[in-house]
Amino acid sequence: MSQTRAVLLVAIGTAVAAAFLLFANGGSLWLRIVFGIPLALFLPGHALMLFVDPEGRLGGPEWFTLSVSSSIAVTTLLGMALASTPMGLTANAAVVALTLVTLLALFAAGTRTATLSFGRLMPIRRNSIQRATFGALALAACTLLVLLLTIPGAVTSSTTGQVVVLWGLRNESGTAVRIGANNVSAEPRSYRLTITQGGRLISEQDLELPRGTSHVFEVEKSATWTDSAPVVADLADVGGTVPTRSVSVWMTQ
Amino acid sequence: MSHEIDRHGDMRGDLRAEADAGIRWVSEALRWTHVMVPVLLATLGVVCIGYADALALHGTPASAPLWWVGVLLIFVPALTTLLFVTISRSEAVVVLLVTGLALYAVKLLYAPGRLWGFDELLHFRTVDNLIAAGHLFSYNALLPVSPYYPGMETVTAVIVRLTGLSIVQSGLVLIGVARLLTVIALFLLLERIATPSKLAAPATLLYMTSPAFLYFDSMFSYESLAIALALACLFALRTAQLEEGRRRDRLNAVGALLLLAVVVTHHVTSFILVATLVAWTVVDLAHGRLRRKKARECGRLDARARKRRVYLGDLPGSGWVPVLGVVAVLVWLTNVAEITVAYLWPQLMSGFIEVARIISFEGTGRQLFQSTAGHTAPPAERIVGIGSVLIILALIPFGIRYLWERRHTSVLSRFLAVAALVYPASLALRFTKSGWDIGSRATAFIYVPLAFTVAAGIESLISRDVKYVRLRVLTVVLALSLVFAGGIIAGTSPITRQPAPYDPGVAEVPYDTESLAAAGWTANTLGPGNRFAGDSAGGTLIGSIGRQQLVTSDATVSVSTLFLSPGFNTPEQTIVRNGRIAYVLVDRRIAGSEPLKGFIYERWERQAWDYGSTVSSETVNKFDVLRDASKVYDSGNIQIFGLQRLVP
């Protein structure tokens, strides 16, 4: 691949990635990963390497190492520069800055001795089919490995026990209390939530709490409430295996 | 690899000789048959470890042997392939990358998708602050120096912003990339130093036997990224030294860019990188002068010999990159990260003072293979640990001799051989309580010259013409496997090497679902920035992922007393008032848990209150019976109490 073609290809890749990240607000996570990670960790350094080694004398491992490491260095220094501005480190600012730096390096690479027929996107000399196959497989394996292992519980799970949460918080003015029940990781069960204040029953209700769900109730303070006792909430498992959760919230401080 | 160097009869001629002597790879071809065995066995090893970790979570005793089988399946086939199979350069690269990634997978499998290292949570908070504020240097009470070295956090924040991945996922991807970089940059650097250059492959594999490699340098921590960038920087500068003209200038510029990134990423790595560059420059200058002197003594006073001199451009980074490094480190240290000296100095000094006291028979030092709570490693692990150190110490002299006497050995090879002698000196730190931490963390740097020298030692032994080839292969593989296992034993504790059901007396940080749910609740429902007190592990989680302000002991506040005293009276009320503690986190699993890591709340807690072997259930649950405390959160094991009413 000629230097010009390599420069054009990287420029197009950078422009497409930048356009997607800038204009496809809330696009698919997978597409954002596909475009975002190369823009942060590969393309700026790769453009720089097209400028540094236009003859392509360095081998594939050397190009990979210097492309990725200098991309990280560029992203670090650019990110810090952006974070030092009043605008701060925003997504759009990062995309624009990384794209500009990449295009600048490509411009510098493109204007250098365009008559030399040398550069390449990834140096492929001999056994090109083998290398391409290996590269694709390795990339796929790495992506699969990293993504699988970064998804919680994908391979092994650190979950211990049945986690059911009951919480209660008074509002700032002390006129109401919020009671919440979350089933984080327990089997779906029926629960009975009882709320009392000063020994008086305020509310009693049955809850179905499938795994990963939560219920929040807001209870307004009434004139019958006494300041000498907290609001007490109990969450009892109707099936009987999860111990009762209990919170007590003082309305006065 | 190609090197285009003109012969000028000066140091460039030496560089050319180094480059020529280094080209020893059989070919560049990649043959699947040569890499299939180590790759498939490494994959099997990762599967074994995943299975062993799953068993360990259920307390199955067989999980530990299976785990060891897994790590040896990753290491031994790679070692055998690199040492005893005639492979091409591409094949060596593939084997090294697969081994490096497989060992990173061991860290990921410990708690998939979660941060489980103490340091990881400290850096999580810095990234979280950076993303929330959009600006640098937000205060991090958990690790105040971290915001002043925001390199890794900035890249993570950019990935989070660009991709929408979580901080944890972005961090794990970044450190995975850093792991790849570490392996390949070290290989390429050593390849340009070693003669024969194929020595770089076993040397890089031996670097993976460092105690820090398996877990510590896989953590989401600034050192993990900084080491990768530092090695890439040294590789760029060494490549530049072997080039000339404008190519050299451009590669030096890349090296300088990487150097600046290291300076803003990690303090110790930047100091060591700059010191290495300065030492490399001095060695090159001294080597040039020595050669001129020898030429004069031999009477070779011809014009070429007289002109044999060291040009500035031939020095590492053409002389200007090391100067830039010194200036950058000093400017950053004095204008931005002044806090670094106060952070590092006490740790360094206490380690060295302790060594001095041991040497002068005034102190007893630390018992090897024993935790601060007195938990001792099994005898087999102690034997392997000591054996691995003895093997390394035995191989160093062979390596030094090989590197010193070999023709066309580069001056850098000899420099690394001498630097390997730092390893025996660093072992002294392991006998001290405070120096243990420094010694363990320093291995990431010490093992670069050490691995190179030990690989040279191995090469000198196996290249000899001996009769019993199979016995020789077996001996070398066994010895180096022992070195690898010894590195793991030195870097990990048998009680935390594999995941286990959470125990606050053992784990440095909780990574179980219940603890994470509590941290998530404080961040999302309670709101960030409340002043919290808690045990060491749970408090760190609440202070990082929970985004709360963790209160630690100072002159007027003793968090240990607050939790460990049996009641809640005037002294405890004073602690809450002085510390402006709004909430306390109580982990009921503390009751009955033996503090095998040495403490539950703080390292000096027994000076505040000696609670015997475990904290009693009554003490742990004392907030539950306080009438005026609001219990605002209850998940069974974890409870959070609001203390606003107790201390008006």
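Asker: Sorry, what's going on with the overall build of chain A here?
Answerer: Looking only at helices and strands, one finds six helices and seven strands in chain A. Secondary structure elements in chain A, listed N-terminal to C-terminal, are α-α-α-α-α-α-β-β-β-β-β-β-β. Within chain A, the fraction of its 253 residues that count as buried is 40%. Intrachain contacts of chain A at a sequence separation of at least 6 include 67% that bridge at least 24 residues.

Asker: Looking at this structure, I do not really get the pairing of strand β3 (residues 189-197) of chain A. What am I missing?
Answerer: Residues in a regular strand project their side chains so that they alternate between the two faces of the sheet. All names here are of chain A. In this structure, β3 lies alongside strand β4 (residues 200-209), joined through nine bridges in antiparallel fashion. Note on β4: the bridge partner recorded for threonine 196 is leucine 201. In this structure, β3 lies alongside strand β6 (residues 231-237), joined through seven bridges in antiparallel fashion. When the sheet's bridge partners are listed, glutamine 197 is paired in β6 with valine 231.

Asker: Whenever I open this one, helix α5 (residues 118-133) of chain B confuses me. Can you help?
Answerer: Relative to the 22 Å expected for 16 residues at 1.5 Å per residue, α5(B) spans 24 Å between its end C-alpha atoms, a close match to the ideal helical length. Of all the positions in α5(B), only Asp119(B), Glu120(B), Leu121(B), Leu122(B), His123(B), Phe124(B), Arg125(B), Thr126(B), Val127(B), Asp128(B), Asn129(B) and Leu130(B) are classed as buried. In the core, the buried residues of α5(B) are packed alongside α4 (60-83) of chain A together with α6 (151-163), α7 (167-191), α9 (222-241) and α21 (536-544) of chain B. Trailing α5(B) by a residue or two, Gly134(B) shows a phi angle of about 80°, which is positive.

Asker: Where do I start with the nonpolar core in this structure?
Answerer: Leu229(B), Ala232(B), Cys233(B) and Leu258(B) are the most contacted members of the largest nonpolar core, which totals 263 residues. Of all the elements, α7(B) adds the most residues to this core, at 17 residues.

Asker: Honestly, the environment of Val336(B) in this entry has me stumped. Any pointers?
Answerer: Secondary-structure assignment places Val336(B) in the loop between α13 (320-335) and α14 (339-359). Remark: the alpha-carbon pair of Val336(B) and Leu41(B), spanning 295 residues in sequence, is separated by 48 Å.

Asker: It is not clear to me how the interface of chain B and chain A should be interpreted in this structure. Could you clarify?
Answerer: Many structure descriptions define interface size as the accessible area lost when the parts assemble. Contacts between the two partners involve 78 residues from chain B, matched on the other side by 75 residues from chain A. Of all the secondary-structure elements, those providing two or more residues to the side of chain B that touches chain A are α2 (32-57), α4 (89-110), α6, α7, α9, α10 (245-263), α20 (513-526) and β4 (630-634) of chain B. Grouping the constituent residues of the side of chain B that touches chain A by class yields 48 nonpolar, 18 polar and 12 charged. Note that strand β1 (residues 164-170) of chain A and β4(B) share two bridges and pair antiparallel. Residue pairing for β4(B): Trp167(A) is matched across the bridge by Tyr633(B).

Asker: What's the story with the domain arrangement of chain B in this structure? I'm lost.
Answerer: Residues and elements named next belong to chain B. Under the domain assignment used here, chain B contains domain 1 (11-491) and domain 2 (513-642). A separation of 39 Å is found between the C-alpha centroids of domain 1 and domain 2. Counting residues at the interface gives 12 residues for domain 1 and 12 residues for domain 2.

Asker: What is the right way to read the packing of α4(B) against α7(B) from this model?
Answerer: Geometrically, a packed helix pair is captured by the angle between its two axes and the distance between the axes. Residues and elements named next belong to chain B. Where α4 meets α7, the closest approach of the two axes is 9 Å, and the angle between their N-to-C directions is 145°. The two elements α4 and α7 meet at a crossing, and its hand is right-handed. Counting all contacts with α4, which are made through Val93, Leu96, Leu97, Gly100, Leu101, Tyr104 and Leu108, the residues of α7 involved are Leu172, Gly176, Arg179, Leu180, Val183, Ile184 and Phe187. Here the residues of the contact of α4 with α7 sort into 11 nonpolar, two polar and one charged.

Asker: Looking at this structure, how should I read helix α5 (residues 91-111) of chain A?
Answerer: For α5(A), with 21 residues, the first-to-last C-alpha span of 30 Å sits near the 30 Å given by 1.5 Å per residue. Burial in α5(A) covers these residues: Ala93(A), Ala94(A), Val95(A), Leu98(A), Thr99(A), Val101(A), Thr102(A), Ala105(A), Leu106(A), Ala109(A) and Gly110(A). Of the surrounding elements, those touching the buried residues of α5(A) are α1 (3-23), α2 (29-41), α3 (43-52) and α4 of chain A together with α6 of chain B.

Criteria and cut-off values
- Residues numbered from 1 in each chain as written.
- Chains lettered and ligands numbered in written order.
- Predicted model: local features only at pLDDT ≥ 70, side-chain atom pairs only at ≥ 80, totals over all residues.
- Helix = DSSP H or I, 4+ residues; strand = E, 2+ residues; numbered from the N terminus.
- Buried ≥ 20, exposed ≤ 12 C-beta atoms within 10 Å, placed from the backbone.
- Contact = placed C-beta atoms within 7 Å.
- Pairing = 2+ DSSP bridges.
- Expected span 1.5 Å × (residues − 1).
- Core = buried A, V, L, I, M, F, W, Y, C linked by C-beta atoms within 7 Å.
- Nonpolar A, V, L, I, M, F, W, Y, C, P; charged D, E, K, R; others polar.
- Domains from an automatic or database assignment.
- Axes fitted to C-alpha atoms, helices over the stretch in contact; angles between N-to-C directions.
- Left-handed = near helix turned anticlockwise from the far one by under 90°.

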